[in-house]
Amino acid sequence: MGGVPEAVGDAGLIVRPRDVLGVASALTRLLDDAPLRARLGRAARERVMELFTLDGCLDAYRRAYPLVIAGEALS
């Protein structure tokens, strides 16, 4: 699935590539479940503000560089 699960985290529903029935099921679930939509929306906003702002990206780089320089694997 590539990097999508890592980007989405707990802020969305993951569906296998080319899984038409899985996409339909996920969309139906979202349409039928307002509390789930609200929870995922809040989680997505929090995730974006934590990981995908300029400051969040810079913090990730700041943590990664010493590991890269030391030759340690990133996880």
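Predicted, not measured: the structure shown is a model, and the values here were computed from it.

### Things to note about the overall build of the protein
Step number 1: When you go through the protein residue by residue, the secondary structure sums to four helices and zero strands.
Step number 2: Listed by position from the N terminus, the elements making up the protein come as α-α-α-α.
Step number 3: Rg of the C-alpha trace for the protein: 16 Å, well past the compact-globule value of 11 Å for 75 residues, more than 25% over.
Step number 4: Along the first, second and third principal axes, the C-alpha set of the protein runs to 50 × 25 × 15 Å.
Step number 5: In the protein, once contacts between residues fewer than 6 apart in sequence are set aside, the share between residues at least 24 apart is 38%.
Step number 6: Between the averaged position of the 10 positive side-chain charges in the protein and that of its 10 negative side-chain charges there is a distance of 4 Å.

### Some details on the pattern of salt bridges
Step number 1: Evaluation of the coordinates by the stated rule reveals one salt bridge.
Step number 2: We note a salt bridge from Arg62 to Asp59, for which the minimum N-O separation is 2.8 Å. Residue Arg62 and its partner Asp59 are both found in helix α4 (residues 54-70); the two are separated by three residues, about one turn of the helix.
Step number 3: By relative accessible area, Asp59 is classed as partly exposed at 34%.

### Observations concerning the side chain of Arg47
Step number 1: Within the secondary structure layout, Arg47 lies in helix α3 (residues 34-51).
Step number 2: One buried charged residue, Arg47, forms no salt bridge at all, with the nearest opposite charge on Asp10 at 4.9 Å.
Step number 3: Not counting chain neighbours up to four residues away, the residues in contact with Arg47 comprise Glu6, Ala7, Val8, Gly9, Ala11 and Phe52.

### Observations regarding unusual backbone geometry
Step number 1: Although it is not a glycine, Arg18 sits at a positive phi angle of roughly 65°.
Step number 2: Following the sequence through the fold, Arg18 ends up in the loop between α1 (4-8) and α2 (20-32).
Step number 3: Note on Arg18: relative accessible area 84%, which makes it exposed.

Cut-off values and rules
Residues numbered from 1 in each chain as written. Predicted model: local features only at pLDDT ≥ 70, side-chain atom pairs only at ≥ 80, totals over all residues. Heavy atoms only, no water. Helix = DSSP H or I, 4+ residues; strand = E, 2+ residues; numbered from the N terminus. Rg over C-alpha atoms; globule rule 2.2 N^0.38 Å. Contact = heavy atoms within 4.5 Å. Lys, Arg positive; Asp, Glu negative; His and termini not counted. Charge placed at Lys NZ, Arg CZ, Asp CG, Glu CD. Salt bridge = Lys/Arg side-chain N within 4 Å of Asp/Glu carboxyl O. Buried < 20%, exposed > 50% of the residue type's maximum accessible area, 1.4 Å probe, protein only.

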